[in-house]
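Overview (structure and organization)
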Amino acid sequence: MIEMLSYPFMQRAFIVGLLVSLCASLLGVSLVLRRFSMIGDGLSHVGFGALSVASVLGLSPLGFTIPVVVLSAVLLLRMNDRKLLSSDGAIALISASSLAFGVMMISFVKGTNTDINNFLFGSLLAVGRSDAVFSVVLSLVVLVCYVLLYPRLFAVTFDPVFSSAGGVGSGRYMMLLAVLSAMTIVLGMRMLGSLLISALIIFPPLTSMRVFKTYRGVTVSSALLSVAAFVCGISFSFYEGTPVGASIVMAHLALFLVFSAIGFILKRER
């Protein structure tokens with residue numbers, strides 16, 4: 001670990017990845033429970049398209065991509081609320097279109113294969129100093145918003161109808177949740193890739209639910225599991241030379257299998 005963190009690019013990747021993993025796991029609990037988990041996959045593909053445009057036009061990757069993905073998150077929820085398209089249909093439509101558009105944009109630039117691989121599967125070297133600072137600040141904003149709004153997110157997650165009747169606008173808070181998720185996805189995309197970043201949202205809560213049955217238990221467990229999987233994944237990637245995104249997802253998969261086995265044993269004992 002000491003050797004790994006002796007390199008500046010690994011220090012940046014470690015800090016950004018740790019914060020993004022933590023944000024994604026916390027937001028993922030509400031998204032999974034409300035059956036919005038696939039919104040992360042759709043928004044990551046939108047992010048790929050936006051990153052491609054930013055690369056071709058020479059724009060700031062984060063500065064251009066974050067607003068585009070946030071607007072897409074709002075659009076997805078609006079389409080679902082107004083019954084214009086089903087949620088899975090809207091996500092599939094925007095996801096496939098954005099991915100195809102991104103590939104088309106990158107095809108006009110030299111070094112196509114390398115760029116596509118970096119965008120799709122991530123690269124540790126993609127986290128520059130300015131991007132790291134921006135990512136840390138934005139991640140802290142997401143964490144602060146989550147902590148301050150925890151009671152309302154809890155209420156909206158389990159009983160949106162009662163929350164609306166009690167004066168807590170479930171639509172507004174679900175919109176905020178989608179916006180925070182969009183920001184988190186963009187922050188982690190350049191390091192983990194657009195095809196794998198959604199795993200940080202889905203895996204921790206699903207893994208925690210194998211053993212824990214309360215909202216607080218799942219939330220705390222998700223945060224701890226996400227941090228553990230990230231540390232194991234990035235360490236394995238550094239020492240074995242494997243892709244960082246894939247290594248982190250495989251660490252999540254291993255934890256999911258372990259927790260599934262523990263959950264099965266506990267269920268049998270009951």
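Residues numbered from 1 in each chain as written. Predicted model: local features only at pLDDT ≥ 70, side-chain atom pairs only at ≥ 80, totals over all residues. Heavy atoms only, no water.

For the rest of this paragraph, the subject is the overall build of the protein. Looking only at helices and strands, the protein has 12 helices and 0 strands in total. Taken from N to C terminus, the helices and strands of the protein fall in the order α-α-α-α-α-α-α-α-α-α-α-α. Across the 270 residues that make up the protein, the buried fraction comes to 51%. When contacts within the protein are restricted to residue pairs at least 6 apart in sequence, long-range pairs at least 24 apart make up 77% of them. When the accessible area of the protein is evaluated, it comes to approximately 12,800 Å², of which 70% is carbon and sulfur surface. (Helix = DSSP H or I, 4+ residues; strand = E, 2+ residues; numbered from the N terminus. Buried < 20%, exposed > 50% of the residue type's maximum accessible area, 1.4 Å probe, protein only. Contact = heavy atoms within 4.5 Å. Areas by Shrake-Rupley, 256 points an atom, 1.4 Å probe, with all protein chains shown as cover.)

The terminal C-alpha atoms of helix H6 (residues 129-148) lie 29 Å apart, and with 20 residues this matches the ideal 28 Å at 1.5 Å per residue to within 8%. For H6, every residue scored as buried is listed here: Asp131, Ala132, Ser135, Leu138, Ser139, Val142, Leu143 and Tyr146. For H6, the buried positions fall inside an angular range of 145° around the axis, keeping them on one side. When the buried face of H6 is taken as reference, the exposed residues oriented beyond 90 degrees from it are Arg129, Ser130, Val133, Val147 and Leu148. (Expected span 1.5 Å × (residues − 1). Arc of directions from axis to C-beta.)

With that settled, the discussion passes to the packing of helix H10 (residues 199-208) against helix H12 (residues 244-269). At a minimum axis distance of 9 Å, the contact between H10 and H12 shows a crossing angle of 15°. On the basis of their axis angle, the class for H10 and H12 is roughly parallel. Here the hand of the crossing between H10 and H12 comes out left-handed. Between H10, through Ala199, Leu200, Phe203, Pro204, Leu206, Thr207 and Ser208, and H12, the contact on the second element is made entirely by Ile248, Val249, His252, Leu253, Leu255, Phe256 and Phe259. Looking at the contact of H10 with H12 residue by residue, the class counts come to 11 nonpolar, 3 polar and no charged. (Axes fitted to C-alpha atoms, helices over the stretch in contact; angles between N-to-C directions. Parallel < 35°, antiparallel > 145°, perpendicular 65-115°, else oblique. Left-handed = near helix turned anticlockwise from the far one by under 90°. Nonpolar A, V, L, I, M, F, W, Y, C, P; charged D, E, K, R; others polar.)

Moving on, we get to the nonpolar core. The nonpolar side chains of a soluble globular protein tend to be buried, and buried together. Grouped together as the largest cluster of nonpolar side chains are 68 residues, with contacts concentrated most on Ile39, Leu43, Ile66, Met183 and Ile234. By residue number, the principal contributor to this core is helix H9 (residues 170-192), which donates 15 residues. (Core = buried A, V, L, I, M, F, W, Y, C linked by side-chain atoms within 4.5 Å.)

In this fold, Cys23 is placed in helix H1 (residues 8-33). Remark: the alpha-carbon pair of Cys23 and Met183, spanning 160 residues in sequence, is separated by 9.8 Å. Dropping the residues within four chain positions of it, Cys23 is found in contact with Ser139, Val142, Leu143 and Thr184.

A few words now on a nonpolar patch on the surface. Judged by side-chain polarity, Val133, Val137 and Val141 come together as a nonpolar surface patch covering roughly 240 Å² of accessible area. Overall, Val141 belongs to the partly exposed group, its relative accessible area being 38%. (Patch = residues over 30% accessible without salt bridge, like charges linked within 9 Å, V, L, I, M, F, W, Y side chains within 5 Å. Salt bridge = Lys/Arg side-chain N within 4 Å of Asp/Glu carboxyl O.)

The description of two helices packed together rests on the angle between their axes and the distance between the axes. At their nearest, the axes of H1 and H10 sit 7 Å apart, and the two run at 65° to each other. In this structure, H1 meets H10 at a crossing whose hand is right-handed. Packed against H1, whose contacting residues are Val20, Ser21, Ala24, Ser25, Gly28, Val29, Leu31 and Val32, the element H10 presents Leu200, Ile201, Ile202, Pro204, Pro205 and Leu206 at the interface. Along the lines of polarity and charge, the residues of the contact of H1 with H10 split into 11 nonpolar, 3 polar and no charged.

Our focus in this paragraph is the state of the cysteines. In protein chemistry, a disulfide is the covalent bond that joins the sulfur atoms of two cysteines. A full pass over the atoms with the stated rule returns 0 disulfides. Free cysteine Cys145: the closest other cysteine sulfur is in Cys23, separated by 9.9 Å. Using a relative accessible area of 25% as the deciding quantity, one classes Cys145 as partly exposed. (Disulfide = S-S within 2.5 Å.)

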